[in-house]
Amino acid sequence: MHKELTKSVQYLKSIGPKRAESFAQIGIRTIYDLLFYFPARYLDRTNILTSIKVVQYVSDGYEGEVTITGKVVDSEIHYYSKKQILKVRMKDATGFFECIWFNGAKFFKNYFNEGEYFAVSGKPVLTKYGHLQFVHPDFDRLAEAESKDFLNTGKIIPFYKLPKQLKETHIGDFSLRKIIFSTVETYSTFVSETLPEELLNKYTLLNICDTIKFLHAPINFGELAKARTRIKFEEIFYFECMVAQRKKLFATKHLGFSFKAKTNQLKHFLNSLPFELTSAQLKVLSEIRKDLESDVPMNRLLQGDVGSGKTIVALISIVIAISNGYQCALMVPTEILADQHYKRICRMFEPLGFITEILIGGQKKAEREHILSNIAAGKTNLVIGTHALIEETVDFKNLGLIVIDEQHRFGVVQRLELTKKGIAPNILVMTATPIPRTLSMTLYGDIDVSTIDCLPKERIPVKTILRGESKLPAIYDFVKKKAAEGVQSFIVYPLVEESDKLELKAATKHYEELKTNHLKDLSIGLIHGKMKWQEKENIMNEFAEKKFALLVSTTVIEVGIDIPNANIIIINDAHRFGLSQLHQLRGRVGRSSAQSYCILVTKDELALRSNNFSFSHEYLPTQIIERYKSSIRLNAMVNSSNGFELSEMDFKLRGPGNIFGIEQSGLPEFKYINLVEDVSLIQQAKDSAFELIGKDPELVNPNNLVVKNILLDKFSSKVQLAQIA
Ligand code: ADP
Ligand code: MG
């Protein structure tokens, strides 16, 4: 790196030791660091209108967004029947306008001090009094000079994140902008190129110097877009290089075993199935079969909506592995699901002469040891257990296939556990929470993905209904009426806190209440996470045998449970559940040819009132974002029964980090790339990275020296990742 760039920011004009220290606290030490501190957002000055113009536009029927600047005249909180509404009055050279917040009045009030200047963007309306008004607009505080004249700033004004450490040394939006602009002018040309020339040409990407310039001070949006593309490409390209190397290394280090797919046992098994496989099931089976026949270990993710029939696909794969003489493990998220699978699979596998064992908590020590020794001796063909199975000290004689059911958090970690044990079995991971396409391309770049994209025929979509708590009596009546027709129901309560004791208390309380009051004529069962698995097993069996009309439950029934005669699920406090969790719960019904119902009960009035939200959440306080989000989630449930759509939405609402857990997924925090939107860019970067690594896996070619050094630099802390995977 050029030595000018490694100088401390203290050498810059208007930064002394104190300010240098405050920059250091936010990770900016050198001039180079500052050059890469890019704006968080931009204000398009070219579109700023006067208030009088906007009034005219709105009167003419214009419905788009506008940006307008003004000075705060006053701000006031009004009270309307318990609700607080913030009204901020502003004026520009041509007239007055007002901004309104229905939520977060107190929070926003602190933002708007009299006499300050702001740029306000949003959809303008005219009130019945003829006032120009913005509801929940986006806004940026401006220096006075900027509000009148955008000197020195070009036509697009960048806004940088302004952490409190900088504010404490009296750096404001305006001064930070000035510091950065002059740094960019003087130093950006010293930055050397960080992408291979060939790629810059192939995708007509900007060079790094122009990228830095255009990100800080774009003259127009075209330049800005190009600069953004370049910086995103670079970010994802290097990540993909790492993934590509990982995949290459794994394939060369670990030879798998190749299976013969057509066996007699498989033929018998297929003949015994009570239904025809769907075309989607056949398609994914042919993909799996190719993997099993090849000697590179399978590493495949099978995604398919709730009820799409993933289990049978797994079983067919298992039959292939066992009939080739190998052992299999089937891992599921809960013990009751393990138990449910165990019972069914034993019945299906007995005629084939396969021996199936279950390994879960609560088994007697002697029994457990007996099972473990059978597994070690190779007597057991299939072991079913929870996800803990892999971490435990289970020794297999010749483990050939692992199926992991209902798990999308399968990252590098588990594979690490396995390779530690010195084995490279085939792995099939199944999930009903499909991974957004971009993610399966990036993080799962070394995992192949198969998708079951249709449900078995004759399924009727579940009717989803959103109701307030005041409707509970009517809902209970509905449950009673249906019970008289022989239909069973689930009623789910959320966890009160992350505490087993409280969970137990809440579920028990509701159970007692329903039994003594609202539904006293019905037989009711109770199941919760605090029970031992044998108890849970008993309850589930009794429910399956129709001993109860209604099962009161916490989320223990969330995944996989299959009781076809249960056609109603009532989810209380539905606003407290995540979207994929709601979809999973809904998947407990709709498993027969009868009409099913999912009744979401909520206190969320916003959700009950409206079914369309758009929000710009950058400035909303967290509790408000949460409030909007639950409304969006509930309405999404009502409007969509498609797990793929819902998971994309969930992904947008929560961000990948929250869904997958950064630690577990091995996914870095991407700074520039948007995993939801930048699909084609990710694809290009991925192709380029895989091509490059494919030709030169160890990056020995001198032309690839830059790439090699950057990779070492970026991912040196992840060296372990590269080694294990
Ligand atoms: P999931 O994908 O949610 O794990 P399951 O494998 O539990 O779904 O399948 C749901 C139900 O559909 C089961 O009762 C299963 O027996 C049934 N099923 C699976 N495949 C088919 C098919 N091709 N035709 C009809 N029913 C099927
Ligand atoms: Mg399943």
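Throughout this document, residue positions are counted from 1 along each chain, in the order its sequence is written. Starting at A for chains and at 1 for ligands, labels are handed out in the order in which the entities are written. Whole-chain, interface and lining totals are the exception, using all residues; otherwise, since this is a predicted model, local features are given only for residues with pLDDT of at least 70 and side-chain atom pairs are given and counted only at 80 or more. Side-chain figures throughout are based on the complete set of non-hydrogen atoms in the structure, without hydrogens or water.

S.K.: I keep staring at the overall build of the protein and nothing clicks. Help me out?
M.R.: Of regular secondary structure, the protein possesses 28 helices and 23 strands. Should any heavy atoms of two residues lie within 4.5 Å, those residues are considered in contact. Across the protein, the fraction of contacts at a sequence separation of at least 24, relative to all contacts at a separation of at least 6, is 74%. For every accessible area listed, the method is Shrake-Rupley and the probe measures 1.4 Å; residues are considered covered only by the protein chains on display. As displayed, the protein has an accessible area near 34200 Å², and 51% of this comes from carbon and sulfur atoms. Each helix is a run of DSSP H or I of at least 4 residues and each strand a run of E of at least 2, with the numbering of both proceeding from the N terminus.

S.K.: Explain the sheet that holds strand 17 (residues 448–452) here, please?
M.R.: Strand pairing within a sheet occurs via backbone hydrogen bonds; the two strands may be parallel or antiparallel. Across the sheet, 7 strands lie side by side as 13-14-12-15-16-11-17; this open sheet has parallel pairing. In this open sheet, the two strands that pair with only one neighbour each are strand 13 (356–359) and strand 17. On average, each strand axis in the sheet is tilted by 20° relative to the strand beside it, whichever way the strands run. As paired elements, strand 12 (residues 327–332) and strand 14 (residues 382–386) share 5 bridges and run parallel to each other. When the sheet's bridge partners are listed, Ala-329 is paired in strand 14 with Val-383. Note on geometry: axes are C-alpha line fits, over the in-contact stretch for helices, and angles between N-to-C directions span 0 to 180 degrees. Along the sheet face, helix 15 (residues 365–377) touches strand 12, strand 13 and strand 14 and points at about 130° away from the line of strand 13. By definition, two strands form a pair when at least two bridges between them are found by DSSP.

S.K.: For this particular structure, what's the right way to read the packing of helix 14 (residues 335–349) against helix 20 (residues 533–544)?
M.R.: The angle between the axes and the distance between the axes are what describe a pair of packed helices. Contact pair helix 14 / helix 20: the axes reach a minimum separation of 9 Å and the direction vectors enclose 60°. One element, helix 14, and the other, helix 20, form an angle in the oblique class. Here helix 14 and helix 20 pass one another in a crossing that is right-handed. Contacts between helix 14 and helix 20 involve Glu-335, Ile-336, Asp-339 and Lys-343 from the first element and Trp-533, Lys-536, Glu-537, Met-540 and Asn-541 from the second. Angular relationships are summarised with four words: roughly parallel below 35 degrees, roughly antiparallel beyond 145, roughly perpendicular across 65 to 115, and oblique for the angles in between. By definition, any crossing whose near helix is turned counterclockwise from its far helix by less than a right angle is left-handed, and any crossing with a clockwise turn is right-handed.

S.K.: Help me out: how do you make sense of the site of ligand 1 in this one?
M.R.: Throughout this document, a residue counts as near a molecule or strand when at least one of its heavy atoms sits within 4 Å of that molecule or strand. The local shell around ligand 1 holds 16 residues, among which Glu-276, Gly-307, Lys-310, Thr-311 and Arg-459 are the closest. At 3.4 Å from an oxygen atom of ligand 1 is found a main-chain nitrogen or oxygen belonging to Ser-308. Gly-309 is positioned with one of its backbone polar atoms (N or O) 3.0 Å from an oxygen atom of ligand 1. Coverage of ligand 1 by the protein amounts to 82% of the 560 Å² it exposes when considered alone. Nonpolar residues are Ala, Val, Leu, Ile, Met, Phe, Trp, Tyr, Cys and Pro. Charged residues are Asp, Glu, Lys and Arg, and all others, Gly as well, are polar. Residue classes in the shell around ligand 1 are distributed as 4 nonpolar, 6 polar and 6 charged. Whenever two N or O atoms come within 3.5 Å, that pair is a polar contact, provided that in protein one can donate a hydrogen and the other can accept it, and provided that, for residues adjacent in sequence, both atoms are side-chain atoms.

S.K.: Please clarify how the environment of Ser-641 should be interpreted in this entry.
M.R.: With respect to the helices and strands, Ser-641 occurs in the loop between helix 23 (622–639) and helix 24 (643–660). Separated by 178 residues in sequence, Ser-641 and Lys-463 have C-alpha atoms that sit 9.0 Å apart. Residues in contact with Ser-641, not counting those within four places in the same chain, are Asp-305, His-583 and Arg-586.

S.K.: Just checking my understanding: could you explain helix 27 (residues 705–715) for this structure?
M.R.: Given 3.6 residues per turn, any residue in an α-helix points the same way as the ones three and four places further on. Burial status follows relative accessibility: with a 1.4 Å probe on protein chains alone, a residue under 20% of its type maximum counts as buried, one over 50% as exposed, and anything between as partly exposed. For helix 27, the set of buried residues is Val-707, Ile-710, Leu-711 and Phe-715. Mapping the buried residues of helix 27 onto a view down its axis gives an arc of 105°, with all of them on the same face. In this description, one arc is meant: the one made by directions from the helix axis to the C-beta atoms.

S.K.: Would you explain the packing of aromatic side chains in this entry?
M.R.: Both the distance between ring centres and the angle between the ring planes are used here to describe each pair of aromatic rings. Aromatic pairs are defined between Phe, Tyr and Trp rings, using the six-membered ring for Trp, whenever the two ring centres lie within 6.5 Å; interplanar angles under 30 degrees are classed as stacked, those over 60 as edge-to-face, and all others as tilted. Here the structure, examined in full by the defined rule, presents 26 aromatic pairs. With a centroid separation of 4.7 Å and an interplanar angle of 40°, the aromatic rings of Tyr-32 and Phe-36 are classed as tilted. Considering the side-chain rings of Trp-101 and Phe-112, the 5.2 Å spacing of their centres and the 40° angle between planes classify their relative orientation as tilted. With a gap of 11 residues between them, Trp-101 in strand 5 (residues 95–101) and Phe-112 in the loop between helix 4 (105–109) and strand 6 (117–122) connect regions that are remote in the sequence. What makes Phe-112 buried here is its relative accessible area of 3%. Each residue in the set Trp-101, Phe-107, Phe-108, Tyr-111, Phe-112, Phe-118 and Phe-139 is aromatic and connected to the rest through ring pairs, giving one cluster. Over the ring of Tyr-11 we find Lys-7, and its NZ or CZ is 5.7 Å from the ring centre. When the NZ atom of lysine or the CZ atom of arginine is within 6 Å of a ring's centre and also within 35 degrees of its normal, the charge is said to sit over that ring. Taking the ring centre of Phe-690 as reference, the NZ or CZ of Lys-686 above it sits at 5.3 Å.

S.K.: Would you take a moment to explain a nonpolar patch on the surface for this structure?
M.R.: Patch criteria: residues need more than 30% relative accessible area and no salt bridge. Like-charged residues are merged within 9 Å; nonpolar side chains of Val, Leu, Ile, Met, Phe, Trp and Tyr are merged within 5 Å. Counted as salt bridges are all cases of a side-chain nitrogen of Lys or Arg within 4 Å of a carboxyl oxygen of Asp or Glu. Taken together, Phe-102, Val-125 and Val-135 make up a surface patch of nonpolar side chains, about 230 Å² in accessible area. Of note, Val-125 is situated in strand 7 (residues 124–126).

S.K.: Could you clarify how one ought to interpret the pattern of salt bridges in this entry?
M.R.: Side-chain pairs of opposite charge can arise whenever the charged atoms involved come near each other. This model, assessed by the stated rule, comprises 23 salt bridges. Here Asp-291 ties to Arg-300 by a salt bridge, and the two come within 2.6 Å at their closest N and O atoms. For the pair Asp-291 and Arg-300, a shared accessibility class is recorded, and that class is buried. Connected through salt bridges with shared partners, the residues Glu-469, Asp-573, Arg-576 and Lys-603 form a single ionic network.

S.K.: What's the story with the sheet that holds strand 22 (residues 566–571) in this structure? I'm lost.
M.R.: An order of 18-23-22-19-21-20 is seen for the 6 strands of this open sheet, with the pairing classed as parallel. The outermost strands of the open sheet, each flanked by one partner alone, are strand 18 (463–468) and strand 20 (524–527). Shown here is a sheet whose adjacent strand axes are inclined to one another by a mean of 20°, direction ignored. Here strand 18 runs beside strand 23 (residues 597–602); their pairing, made up of 6 bridges, is parallel. Within the sheet, the bridge partner assigned to Gly-468 lies in strand 23 and is Thr-602.

S.K.: Looking at this model, I keep getting lost on the packing of helix 13 (residues 310–323) against helix 14. Mind explaining?
M.R.: Two elements in contact, helix 13 and helix 14, have axes separated by 12 Å at closest approach and are oriented at 50°. Between helix 13 and helix 14, the angle falls in the class oblique. With respect to the hand of their crossing, helix 13 and helix 14 are arranged in right-handed fashion. Contacts between helix 13 and helix 14 pair Thr-311, Ile-312, Leu-315, Ile-318, Val-319 and Ile-322 from the former with His-341, Ile-345, Met-348 and Phe-349 from the latter. Residue classes in the contact of helix 13 with helix 14 are distributed as 8 nonpolar, 2 polar and no charged.

S.K.: Could you clarify how one ought to interpret the environment of Val-306 in this entry?
M.R.: Along the chain, the position of Val-306 falls in the loop between strand 11 (299–304) and helix 13. What makes Val-306 buried here is its relative accessible area of 13%. C-alpha of Val-306 to C-alpha of Leu-585: the two residues are 279 residues apart in sequence and 9.4 Å apart in space. Filtering out sequence-adjacent residues up to four positions away, Val-306 remains in contact with Ala-432, Leu-455, His-583, Gln-584, Gly-587, Arg-588 and Arg-591.

S.K.: Looking at this structure, I do not really get the environment of Leu-466. What am I missing?
M.R.: Within the secondary structure, Leu-466 sits in strand 18. A residue is classified by how much of its surface remains accessible, and Leu-466, at 13% relative accessible area, is buried. Sequence separation between Leu-466 and Val-601 is 135 residues, and the spatial gap between their C-alpha atoms is 6.1 Å. Those residues in contact with Leu-466, other than ones at most four positions away along the chain, are Leu-600, Thr-602, Ala-607, Leu-608, Leu-634, Asn-635 and Val-638.

S.K.: What exactly am I supposed to notice about the side chain of Asn-635 here?
M.R.: With respect to the element layout, Asn-635 can be found in helix 23. Separated by 2.9 Å, the side chain of Asn-635 and the backbone oxygen of Ser-631 make a polar contact.

S.K.: Sorry, what's going on with the pairing of strand 4 (residues 83–92) here?
M.R.: The side chains of a regular strand alternate between both faces of the sheet. Relative to strand 4, strand 3 (residues 66–80) runs antiparallel, the two sharing 9 bridges. In the strand pairing of strand 4, Ser-75 is matched with Val-88. Note: strand 4 against strand 5, 7 bridges, orientation antiparallel. Across the sheet, residue Arg-89 finds its bridge partner in strand 5, namely Glu-98.

S.K.: Any chance you could explain unusual backbone geometry here in plain terms?
M.R.: Phi angles above zero are rare outside glycine, and His-170 is one such case at about 60°. Along the chain, His-170 turns up in the loop between helix 6 (164–168) and helix 7 (173–187). His-170 gets classed as exposed once you look at its relative accessible area, which sits at 67%. Look at Lys-546: it is not a glycine, yet its phi comes out positive at around 65°.

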